[in-house]
Amino acid sequence: MTGVQTCALPIFELDKRYFAELAAVVRRLPSRERRIVEPLVSLEITLQNLVWAMRLRNYFNLPWEEAEKLLFPTGYAEIPGLAQNLYELPFDDPAPWEKTKYGRLLGLFRDGRIDPEGAEGAAMKYLYLRTRRLFYGNPFTLSAVYAFFRIKRYESMLVKSVSEGVRMNIPPARLAEMIGAS
C-alpha cells in the first residue's frame, strides 16, 4: 500500500461507503422524488471526488493511475473523466482552470498555487446554495427533508470552523474570509 492509502484509508472508506449508500437510496426513490434530488446528490458526489483528486495530487503527488483507484464515482460514469481533466491541469496557472466544467468553482489560487482547502470550501458553499434552493422550492417532499439535513450539516460545519478559529485567536475578518462569509 502507498502512504496515502495507509493513512487515509479509514476516512476514505467511510466516505466511499456513505456516498455509495446515499446514491443507492436515491436510485430507489419514486421517480418524482428521484428527479428532484438526484441532480443534487450527483453534484455532491462529483464535487467530493474532484476535491479528493486535487488533494491526492497536491499533497501526495500520486500519479493519475493510482489516484483513479481511490475515487468513488458510485455509478456516475462522468466523474473519472472530470477528475482526470482537473488532475492534469497545472497547479500554478489559473487560465486553464477557467475552461473546464468545474474549474471555475474549484480553481481557487492562494500564493500562486491551487488551494484544495479553498476549493473544498467553494464547493461546499455552492452545494449549500443549491441545497437551499431545493429545500425552498420543493416543500412537502422527501427531497426537502434531505435538503434540510444537508443545510444543517453545512451550518454545523461553519459553527465548528468559527469555534476553532476563535480558539486559535484568528482575527474576525480573517476568519470570515476563511469560511467564505466575507
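S.K.: Just checking my understanding: could you explain unusual backbone geometry for this structure?
M.R.: Keep in mind that most residues, glycine aside, have a negative phi and that most peptide bonds are trans. The backbone of F140 shows a phi angle near 60°, a positive value even though the residue is not glycine. Structurally, the position occupied by F140 is in the loop between α7 (116-137) and α8 (142-167). Positive phi outside glycine occurs at N169, with the angle close to 60°. Counting through the fold element by element, N169 comes out in the loop between α8 and α9 (172-179).

S.K.: Could you clarify how one ought to interpret the packing of aromatic side chains in this entry?
M.R.: How two aromatic rings sit relative to each other is given by the distance of their centres and the angle of their planes. Under the counting rule described, the total for this entry stands at 8 aromatic pairs. Plain terms: the ring middles of Y128 and Y154 are 4.3 Å apart, the flat faces sit at 20° to each other, and that makes the pair stacked. One end of the pair, Y128, is in helix α7; the other, Y154, is in helix α8, and 26 residues separate them in sequence. According to the relative accessible area criterion, Y154 is buried, its value standing at 11%. Aromatic rings pair up to connect F135, Y136, F148 and F149 into one cluster.

Criteria and cut-off values
- Residues numbered from 1 in each chain as written.
- Predicted model: local features only at pLDDT ≥ 70, side-chain atom pairs only at ≥ 80, totals over all residues.
- Heavy atoms only, no water.
- Helix = DSSP H or I, 4+ residues; strand = E, 2+ residues; numbered from the N terminus.
- Phe/Tyr/Trp six-rings, centres within 6.5 Å; stacked < 30°, edge-to-face > 60°.
- Buried < 20%, exposed > 50% of the residue type's maximum accessible area, 1.4 Å probe, protein only.

Worth remembering: the numbers are spatial, not functional.
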